[in-house]
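Now for the letters of each chain:
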Amino acid sequence: MTEISLEQIKEFDKGFKSFPAANAIHRAISSNGINKATLDPKAAIQSQPVFSVEVKTGKVANQMASGRCWMFAALNTMRHHTADLFNISDKFELSQSYTFFWDKFEKANYFYNNVVKTADLPLDDRKVSYLMATPQQDGGQWDMICAIIEKYGLVPQSVFPESYDSSHSFPLNRLFNRKLRKDAVELRALAAQKSNQAEIDEKIKEFNSDNYRLLSLVFGDPADVAHFDFEYRDEDKNYHLEKGLTPKSFFEKFVNQNLEDYVSIINAPTADKPYNKTYTIENLGNVVGGREVKHLNVELDTFKQLAVSQLKDGQSVWFGVDMGPQVDRDSGIMDLDNFAQEDALGIDLGLSKAEQLDYGDSLMTHAMVLTGVDLDENGKPLRWKVENSWGEKAGKNGYFVMSDAWMSLYAYQVVVNKKYLSPELAQAQSASPKILDPWDPMGALA
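S.K.: Looking at this structure, how should I read the overall build of the protein?
M.R.: Each helix and strand counted, the protein has 17 helices and 14 strands in total. Computed over C-alpha atoms, the radius of gyration of the protein comes to 24 Å, within 12% of the 22 Å expected from 2.2 N^0.38 for 446 residues, which places it in the range of a compact globule. Its C-alpha atoms give the protein principal-axis dimensions of roughly 70 × 65 × 45 Å. Looking at the protein as a whole, 51% of its 446 residues qualify as buried. When the accessible area of the protein is evaluated, it comes to approximately 21500 Å², of which 52% is carbon and sulfur surface. Mean positive and mean negative side-chain charge positions of the protein (48 and 63 charges, respectively) differ by 3 Å.

What follows is the structure, encoded as structure tokens:
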């Protein structure tokens, strides 16, 4: 064991006192915090919001105090498409509360199935501990929103609006996870008693009935929009009325996208994930029997060019990043030079993308939408336009500018139409995926 001696501390203090401008830097940081004290204005100069390729979008949405970025990002890409097809106002939104209801309802049932599957393992087994740490949460991935839409369809926000707890989800998550853990106690007890599958199924049905009631009281009853009318005025002020829609018929008419055409592409340059191979994550999903999470890992240049190809065709791109490092929320700039922390503090923070993943320093924490890119004369990206879901006060009316260098280090996932894949990548994407551990960083939920 390496012990810190008092003599060493004296040496450390002497080194600190000799650090250039130590007192001035301390005063600046103590009064303003590390980020504000080290903010470099050059990043703003280099991140002008001008793009050679740009998709028409509209007013940004606001996920409020909830972790639904992945859901907002997916529905934003779809509403862009709907607005183009039907000339609908940029204020139009798809109901995030409707998909939130079904996601939580299905995640609970997915949890029950995983509890039964691991019931023969002790409570201190890593898989069981991981499962019980967060029975369900707000976050998700692209394939999970597809699973919800494929089963339940979509509705406009006007017919299934936000509730307080859909926009402020922490109290619900605390309560709901406690209930799910209590249910897990009963399911593990049934398994220990060697109950048959019919008895276990009946108990899960009882739990799901309770969950439907709980979520309906919080969000509203989705059965109320099993059939609905949709009325709107287009941008030319013409009135439209669609009567007798169902969530599935609304999706088919007003979104009109084959979700099977869209695939998840990741860039994870770690030794355990060779490129041009597919991966899934054990015990990760929401809809039992629905679409599984599946990623195709590609090299960084390919990752970017797939996104560029879709943007050039006028379609926005769902993507997932680590939204913590070197992000200035006020200015909306995502740049590796945003904060001169290493210079100010005299430390080296350099890690490669692979090292960040392998050593637990970074993973996907947030999903947004790529809506533009600025390309150089060789077609290489310089910076990207990003539609966030934090409302209009963050960034420039809710939009962010991401440097290409920042994207290289902190972007992990894009979703593109598989028509942009080369024949070799298309073949690789169709292969059966390798199953990763539940705690693998590629299983992180945005």
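S.K.: Just checking my understanding: could you explain helix 11 (residues 197-219) for this structure?
M.R.: Helical geometry: 3.6 residues make up each α-helical turn, so side chains three or four residues apart lie on a common side. Compared with the 33 Å implied by 1.5 Å per residue over 23 residues, the 32 Å span of helix 11 between its first and last C-alpha is a close match. Of the positions making up helix 11, those classed as buried are Ile 200, Lys 203, Ile 204, Phe 207, Asn 208, Asn 211, Leu 214, Leu 215, Ser 216 and Phe 219. Check the buried side of helix 11 and you find it contacts helix 6 (96-117), helix 9 (164-167) and helix 10 (170-192). Backbone nitrogen of Ala 198 and a side-chain oxygen of the N-cap are separated by 3.2 Å at the start of helix 11; the cap is Asn 196. Phi turns positive, to about 115°, at Gly 220, one or two residues after helix 11.

S.K.: Where do I start with the side chain of Ser 403 in this structure?
M.R.: Summarising the element assignment, Ser 403 is placed in strand 12 (residues 399-403). Overall, Ser 403 belongs to the buried group, its relative accessible area being 10%. In this view, Ser 403 contacts Met 334, Asp 335, Leu 336, Leu 382, Arg 383 and Trp 384; residues no more than four positions away in its chain are not counted.

S.K.: I would appreciate a short explanation of the pattern of salt bridges in the present structure.
M.R.: Close approach of charged atoms allows side chains with opposite charge to pair. All told, the structure shown has 21 salt bridges when counted by the stated rule. Taking the shortest distance from any N to any O, the salt bridge between Lys 182 and Glu 186 comes out at 3.3 Å. In this pair, Lys 182 and Glu 186 both sit in helix 10, four residues apart, roughly one turn of the helix. Lys 182 sits in the exposed class, given a relative accessible area of 53%. Judged by relative accessible area, which is 27%, Glu 186 ranks as partly exposed. Asp 404 serves as the salt-bridge partner of Lys 304, at 2.8 Å between the closest nitrogen and oxygen. With Lys 304 in helix 13 (residues 300-312) and Asp 404 in helix 16 (residues 404-410), this residue pair connects regions lying 100 residues apart in the sequence. Just as Lys 304 is buried, Asp 404 falls in that class too.

S.K.: It is not clear to me how the pairing of strand 2 (residues 228-233) should be interpreted in this structure. Could you clarify?
M.R.: Within a regular beta strand, the side chains point alternately toward one face of the sheet and then the other, so they alternate between its two faces. In strand 2, alternate side chains face the same way, and those of Phe 228, Phe 230 and Tyr 232 are buried while those of Asp 229, Glu 231 and Arg 233 on the opposite face are not. As paired strands, strand 2 and strand 3 (residues 239-245) are joined by five bridges and run antiparallel to one another. In the strand pairing of strand 3, Glu 231 is matched with Leu 241. Hairpin connection from strand 2 to strand 3: five residues lie between these consecutive antiparallel strands, with Lys 237 at a positive phi of about 70°.

Cut-offs and rules
- Residues numbered from 1 in each chain as written.
- Predicted model: local features only at pLDDT ≥ 70, side-chain atom pairs only at ≥ 80, totals over all residues.
- Heavy atoms only, no water.
- Helix = DSSP H or I, 4+ residues; strand = E, 2+ residues; numbered from the N terminus.
- Rg over C-alpha atoms; globule rule 2.2 N^0.38 Å.
- Buried < 20%, exposed > 50% of the residue type's maximum accessible area, 1.4 Å probe, protein only.
- Areas by Shrake-Rupley, 256 points an atom, 1.4 Å probe, with all protein chains shown as cover.
- Lys, Arg positive; Asp, Glu negative; His and termini not counted.
- Charge placed at Lys NZ, Arg CZ, Asp CG, Glu CD.
- Expected span 1.5 Å × (residues − 1).
- Contact = heavy atoms within 4.5 Å.
- Polar contact = N/O pair within 3.5 Å; in protein donor to acceptor, adjacent residues only side chain to side chain.
- Salt bridge = Lys/Arg side-chain N within 4 Å of Asp/Glu carboxyl O.
- Pairing = 2+ DSSP bridges.

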